[in-house]
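Architecture and fold: a report
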Amino acid sequence: MFTLSEVEIDALWLSLKVAFWAVGASLLPAYAVAHLLARHRFIGHGVINAIVHLPLVLPPVVVGYGLLVLLGRRGPLGAPLFELFSVSLAFTWQAAAIAAAVMAFPLTVRAIRLSIEAIDPGLEAAARTLGASFWRVQLTIVLPLALPGVLTGVVLGFARCLGEFGATITFAANIPGQTQTLPLALFSLTEAPGNDMAAARLAVIGVALAMIALLTSEVMARRIGRRLGRQTRYSP
Amino acid sequence: MIEVDIRKTLGTFTLNARFGAAAGKVTALFGRSGAGKTTAIDCIAGLARPDGGRVVINGTTVFDHDGRVNRPVEARRVGYVFQEARLFPHMPVADNLTYGRRQTDGPPVIGFDAAVDLLDLRRLLRRMPATLSGGERQRVAIGRALLSNPAVLLMDEPVSALDGHRRQEVLNFVADLKAALSIPILFVSHRLEDILKIADDVVLMNAGQVVDHAPLMKITHHTVFQRALGIEEASAVLAARVAAHAPDDGLTVLAIDGGQLRVPLLATPPGTEVHVRVRAVDVALARRAPLESSFLNILPGRVERVFEVDTGAIEVRLTLGAENTLWARVNQRAWRDLGLTAGASVFAIMEKITVEPGGRS
């Protein structure tokens, strides 16, 4: 029987918590940025697009270092945060979540942006002629039709968060029970001799987690697709 | 009532349109593609912004460049039926229909049940748009626009994506709407059949300009109208009245200004006003009336003007009676042999005549 040790449970639970908060907190900004990039043309469009995609191409360690500089206790953002609220982020699970959120952001934005771009702008124009305000159009037309993409973005982002290593270890460090997520625990195990079995177990847990996430999104996407009549021409 | 006086420049194209549309009437915007018809109604709806001018809907100024008025689309109360129905794919028909329901804008143009019955949508209410046929989609789109309680109904080629049967079906519904509603309907089209069927007035557009705004019979006088129809479809439209039936001969006699026409027996009672369509390619000319021939319809007329349209062909504009216009397409060589010039008397031989029911409403 496959039972989990306390260390494994700690790492798994922390990974899920970090990924959940990272994706949860960045979803709304990701949607807003995706909408901005998909539906608006403005000066600086390319620059924003590049900045959003930067974590995708930078070494994660660079991102982690950047966060450390920015949000560290003496950083331009970290210093006021500490002075005003006595909040110190570095070496906490929140830091791990921030690192994961930044790394996953481009993937989430990209998936949502593609699905918004796929929506016929004519539908939005039609909704407006029917008297719907900008916000009503967003809530009743764009968001529901972009939902498959939002779902894909969430799952991709979630999976990316679970696997995040470089930025996390740089910004949040590798403290068991505090910032040691699954990949970090796996890394520690492989550093010391004689832990092959424990490392393999963690690897299996990681694979299982990723599979569950992907399958869930597949099922949900299919259900949404059916509702839009894309796959079946069914009528009651 | 709607009044439009707008200017808009798009690249090398300039729209300069001034026209009105009365309540309870179908006003057709007619012209070849690129004439600016869709841009014009987009400016009315607020989907495009004119560079100058005014748009007034039912006394409410929704756009005035000089007065800095530019109401957003959602505040203009326009019902817009697009060429592709643009139904919301994630909502069943019923939710599509009620999407634009506005309770605050006075008594509704039409009630939900009335609209559903008029457009025959009852059995479609729970279906998803992806499962509907093209004609059904367009009917839902019309119903959806009407149920938003619009002050004006804009239709941009609503039947052009449909095949013959569905096209007739949707046009019949639009014709019924006209009788049931008291708002202006603007109908963009480049097909004469559609206009014959439902339009009261025609706004003829060419290269961004309004050429004329008149009943269809008067519009056929314009060469740009004929050019927009194309060689095969170029036609005259005459107002006619059913004079008598001759069942033994299988014929109905129609009275027009300038003579009589005989057409295959109609079911319409004597006295009914109808439209008669005569294609230019179906009209032949002769200096003298053919004495012994099988042609049923030979009328005397006068050559008014001659247009060289393309290699080998001439289009002749004739006057029948006081002011009826008839068009004939003749080979250039044949025209030279006839030796006629403007003002000459001539006999028009009509090989084929199409009768459209309805006429003036």
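Rules of the game
- Residues numbered from 1 in each chain as written.
- Chains lettered and ligands numbered in written order.
- Predicted model: local features only at pLDDT ≥ 70, side-chain atom pairs only at ≥ 80, totals over all residues.
- Heavy atoms only, no water.
- Contact = heavy atoms within 4.5 Å.
- Buried area = accessible area lost by both parts, 1.4 Å probe.
- Salt bridge = Lys/Arg side-chain N within 4 Å of Asp/Glu carboxyl O.
- Polar contact = N/O pair within 3.5 Å; in protein donor to acceptor, adjacent residues only side chain to side chain.
- Pairing = 2+ DSSP bridges.
- Helix = DSSP H or I, 4+ residues; strand = E, 2+ residues; numbered from the N terminus.
- Axes fitted to C-alpha atoms, helices over the stretch in contact; angles between N-to-C directions.
- Buried < 20%, exposed > 50% of the residue type's maximum accessible area, 1.4 Å probe, protein only.
- Domains from an automatic or database assignment.
- Patch = residues over 30% accessible without salt bridge, like charges linked within 9 Å, V, L, I, M, F, W, Y side chains within 5 Å.
- Areas by Shrake-Rupley, 256 points an atom, 1.4 Å probe, with all protein chains shown as cover.
- Parallel < 35°, antiparallel > 145°, perpendicular 65-115°, else oblique.
- Left-handed = near helix turned anticlockwise from the far one by under 90°.
- Nonpolar A, V, L, I, M, F, W, Y, C, P; charged D, E, K, R; others polar.
- 1 Å grid on protein atoms, 1.4 Å probe; cavity = no way out; pocket = protein on both sides within 12 Å on 5 of 7 lines; lining within 4 Å.
- Points joined across faces, edges and corners; volume = space filled by probe spheres on them.
- pLDDT = per-residue confidence, 0-100.

Here we come to the interface of chain B and chain A. Counting residues at the interface gives 24 residues for chain B, matched by 25 residues for chain A. Interface of chain B and chain A: buried area, both sides summed, is about 2100 Å²; carbon and sulfur atoms make up 63% of it. Counting the contacts that link chain B with chain A gives one salt bridge. With a closest N to O distance of 2.7 Å, Glu74 of chain B and Arg128 of chain A form a salt bridge. For the interface between chain B and chain A, the tally reads five residue pairs in polar contact (both at pLDDT 80 or more).

This brings us to the sheet that holds strand E16 (residues 283-286) of chain B. Residues and elements named next belong to chain B. If you trace the five strands from one edge of the open sheet to the other, you get E16-E20-E17-E18-E19, paired in antiparallel fashion. A single partner strand is all that each edge strand has here, and the edge strands are E16 and strand E19 (324-331). For this sheet the average axis-to-axis angle between neighbouring strands, irrespective of direction, equals 45°. One ladder, built from seven bridges, connects strand E17 (residues 297-310) with strand E18 (residues 313-320); its direction is antiparallel. In the strand pairing of E18, Arg305 is matched with Arg317.

Take the environment of Pro158 of chain B next. Residue and element names in this part refer to chain B. Summarising the element assignment, Pro158 is placed in the loop between strand E8 (152-156) and helix H5 (164-180). On the accessibility criterion, Pro158 (0% relative accessible area) is buried. Beyond its immediate stretch of four places on either side in the chain, Pro158 contacts Val81, Phe82, Gln83, Gln138, Phe187 and Val188.

What the rule picks out here adds up to 27 salt bridges over all chains. Glu117 of chain A is the partner of Arg113 of chain A in a salt bridge, and the nearest nitrogen-oxygen pair spans 3.0 Å. Of the two residues, Arg113 of chain A and Glu117 of chain A both sit in helix H5 (residues 93-117), four residues apart, roughly one turn of that helix. Ionic pairing is found between Asp64 of chain B and Arg54 of chain B, a salt bridge with its closest N-O pair at 3.5 Å. Pair noted here: Asp64 of chain B is in strand E5 (residues 60-64) and Arg54 of chain B is in strand E4 (residues 52-57), with a separation of 10 residues, a long-range link. Using a relative accessible area of 14% as the deciding quantity, one classes Asp64 of chain B as buried. Taking relative accessible area as the criterion, Arg54 of chain B reaches 39% and is therefore assigned partly exposed. Through salt bridges with shared partners, one network takes in Arg167, Arg191, Glu193, Asp194, Glu233, Arg277 and Arg279 of chain B.

On to the domain arrangement of chain B, then. Often, the extent of an interface is quoted as the loss of accessible area on bringing the components together. All names here are of chain B. Under the domain assignment, chain B is made up of domain 1 (2-229) and domain 2 (235-357). Averaged C-alpha coordinates put domain 1 and domain 2 at centres separated by 33 Å. Contact with domain 1, which involves 14 residues of that partner, is made by 17 residues of domain 2. Of the roughly 1300 Å² buried where domain 1 meets domain 2, counting both sides, 54% is carbon and sulfur surface. Area buried by domain 1 at its contact with domain 2 is led by Leu196, Met217 and His221, which between them contribute 42% of it.

Turning our attention to a nonpolar patch on the surface. All names here are of chain A. On the surface, a nonpolar cluster with roughly 420 Å² of combined accessible area is contributed by Leu54, Leu56, Val57, Leu58 and Val62. For the nonpolar patch, the element with the highest residue contribution is helix H2 (residues 45-57), accounting for three residues. By the element assignment, Leu56 lies in helix H2. Residue classification places Leu56 among the partly exposed positions, given a relative accessible area of 42%.

Residue and element names in this part refer to chain A. Put simply, helix H6 (residues 121-129) and helix H7 (residues 134-163) touch, their axes get as near as 10 Å, and they point 155° apart. It follows that H6 is roughly antiparallel to H7 by the angle criterion. Here H6 and H7 pass one another in a crossing that is right-handed. Side by side, H6 and H7 meet where Leu123, Glu124, Ala127 and Arg128 of the first sit next to Val137, Ile141, Val142 and Leu145 of the second. Split by residue class, the contact of H6 with H7 holds six nonpolar, no polar and two charged.

Attention now moves to empty space enclosed by the protein. Sizing a probe to match a water molecule and rolling it over the atoms shows the empty space that remains. Residue and element names in this part refer to chain A. Here the structure, examined in full by the defined rule, presents one cavity of 30 Å³ or more. Estimated volume of the largest cavity: approximately 30 Å³. If you trace the largest cavity, you find it lined by Leu71, Gly72, Arg73, Gly78, Val87, Ser88, Leu89 and Ala90. Considering only residue class, the lining of the largest cavity consists of four nonpolar, three polar and one charged.

This part takes up the pairing of strand E14 (residues 259-264) of chain B. All names here are of chain B. Bridging between strand E13 (residues 251-256) and E14 involves six bridges; their strand directions are antiparallel. Across the sheet, Leu251 pairs through a bridge with Pro264, a residue of E14. Hairpin connection between E13 and E14: a loop of two residues separates the two successive antiparallel strands, and Gly258 in this loop has a positive phi of roughly 105°.

For Thr319 of chain B, the position within the fold is in strand E18. Sequence-distant contacts of Thr319 of chain B, defined by excluding residues within four places in its chain, comprise Gly301, Arg302, Glu304 and Asn324 of chain B.

The predicted structure's coordinates, where accompanied by low pLDDT, should not be read in detail. All names here are of chain A. The pLDDT averaged across chain A works out to 87; a share of 95% of its residues lies at or above 70. At the low end of the mean pLDDT range in chain A sits helix H4 (residues 78-85), at 82; at the high end sits H6, at 95. Considering only residues more than four positions removed or in separate chains, one finds that residues 231-236, a stretch of pLDDT under 50, has 10 contacts.

With that out of the way, let us pick up the sheet that holds strand E15 (residues 273-279) of chain B. Residue and element names in this part refer to chain B. As summarised here, the arrangement of the five strands in space is E14-E13-E12-E15-E21, forming an open sheet in which the pairing is antiparallel. The open sheet has two edge strands with one neighbour each: E14 and strand E21 (354-356). The mean angle between the axes of side-by-side strands here comes to 45°, regardless of whether they run parallel or antiparallel. In this structure, strand E12 (residues 235-246) lies alongside E13, joined through six bridges in antiparallel fashion. Note on E13: the bridge partner recorded for Ala240 is Ile256.

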